[in-house]
Amino acid sequence: MKKFGIFLGIVILIGLSIFGYIETKKCLVKNDVHTYLLKEKNIKEADIEVLDPFVANLDGDKNWLVYVKIKNDPKKYYYYKNSDTDRILLESAE
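All values derive from a computational prediction rather than experimental measurement.

Engineer: I'd like a description of the overall build of the protein, backed by residues and values.
Structural biologist: Assigned secondary structure in the protein consists of 1 helix and 4 strands. The order of α-helices and β-strands along the protein, N terminus first, is α-β-β-β-β. Since a compact globule built from 94 residues should have a radius of gyration of about 12 Å, the 18 Å found for the protein marks it as more spread out than a globular shape. Seen through its principal axes, the protein has C-alpha atoms that stretch 60 × 30 × 25 Å.

Engineer: Any chance you could break down the confidence of the model for the protein for me, citing the residues and the numbers?
Structural biologist: Of all residues in the protein, 100% attain a pLDDT of 70 or more, and the chain-wide mean is 93. At the low end of the mean pLDDT range in the protein sits strand 4 (residues 87-93), at 90; at the high end sits strand 2 (residues 64-70), at 95.

Engineer: Account for the packing of aromatic side chains, naming residues and giving values.
Structural biologist: Taken as a whole and judged by the stated rule, the model has 5 aromatic pairs. Taken together, the ring pairs connect Tyr36, Tyr77 and Tyr79 into an aromatic cluster.

Engineer: Please give an account of helix 1 (residues 2-39) that cites residues and values.
Structural biologist: When the terminal C-alpha atoms of helix 1 are compared, their 55 Å separation across 38 residues agrees well with the 56 Å that a helix rising 1.5 Å per residue should span. Along helix 1, the residues classified as buried are Lys26, Val29, Val33 and Leu37. Each element contacted by the buried residues of helix 1 is listed here: strand 1 (48-55), strand 2, strand 3 (77-82) and strand 4.

Engineer: Any chance you could break down the nonpolar core for me, citing the residues and the numbers?
Structural biologist: Grouped together as the largest cluster of nonpolar side chains are 13 residues, with contacts concentrated most on Val33, Leu37, Leu51, Val68 and Tyr79. Put simply, the parts of the chain that give this core at least two residues each are helix 1, strand 1, strand 2 and strand 3. The dominant element in this core, judged by the number of residues it contributes, is strand 2, at 4 residues. Excluding residues within four positions of it along the chain, Leu51 makes contact with Lys30, Val33, His34, Leu37, Val66, Tyr67 and Val68.

Engineer: Explain the pairing of strand 2 residue by residue, including any values.
Structural biologist: Most of strand 2 is tucked away: 7 of the 7 residues are buried. Of the two faces of strand 2, the one lined by Trp64, Val66, Val68 and Ile70 and the one lined by Leu65, Tyr67 and Lys69 are each fully buried. The pairing of strand 1 with strand 2 spans 7 bridges and is classified as antiparallel. The residue bridging Asp52 from the neighbouring strand is Tyr67, located in strand 2. Bridging between strand 2 and strand 3 involves 3 bridges; their strand directions are antiparallel. Its bridge partner being in strand 3, Val66 is matched across the sheet by Tyr79. Here strand 2 folds back onto strand 3, and the loop between the two strands holds 6 residues, one of which, Asn72, carries a positive phi near 60°.

Definitions and cut-offs
Residues numbered from 1 in each chain as written. Predicted model: local features only at pLDDT ≥ 70, side-chain atom pairs only at ≥ 80, totals over all residues. Heavy atoms only, no water. Helix = DSSP H or I, 4+ residues; strand = E, 2+ residues; numbered from the N terminus. Rg over C-alpha atoms; globule rule 2.2 N^0.38 Å. pLDDT = per-residue confidence, 0-100. Phe/Tyr/Trp six-rings, centres within 6.5 Å; stacked < 30°, edge-to-face > 60°. Expected span 1.5 Å × (residues − 1). Buried < 20%, exposed > 50% of the residue type's maximum accessible area, 1.4 Å probe, protein only. Contact = heavy atoms within 4.5 Å. Core = buried A, V, L, I, M, F, W, Y, C linked by side-chain atoms within 4.5 Å. Pairing = 2+ DSSP bridges.

Here's what the structure looks like:
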């Protein structure tokens, strides 16, 4: 019974570690995109309606996308951070 408890504890610890990594990565990319929009694109804070990070099931850095919706703009923007160049790039605009 003690071995089962240790095994269960390890499984829970691994699961929480993976969840924590994913949430931290999404938060970091969201903050970087937010800073990019404010400083590089000169978009006002009040004009950003939605800033939503998600896992996109794409290769490499494109796996961590951030959906951006700007007021009075019908397009949807998807940004990601290229870790090689340390730049924020536009994946697509619909």
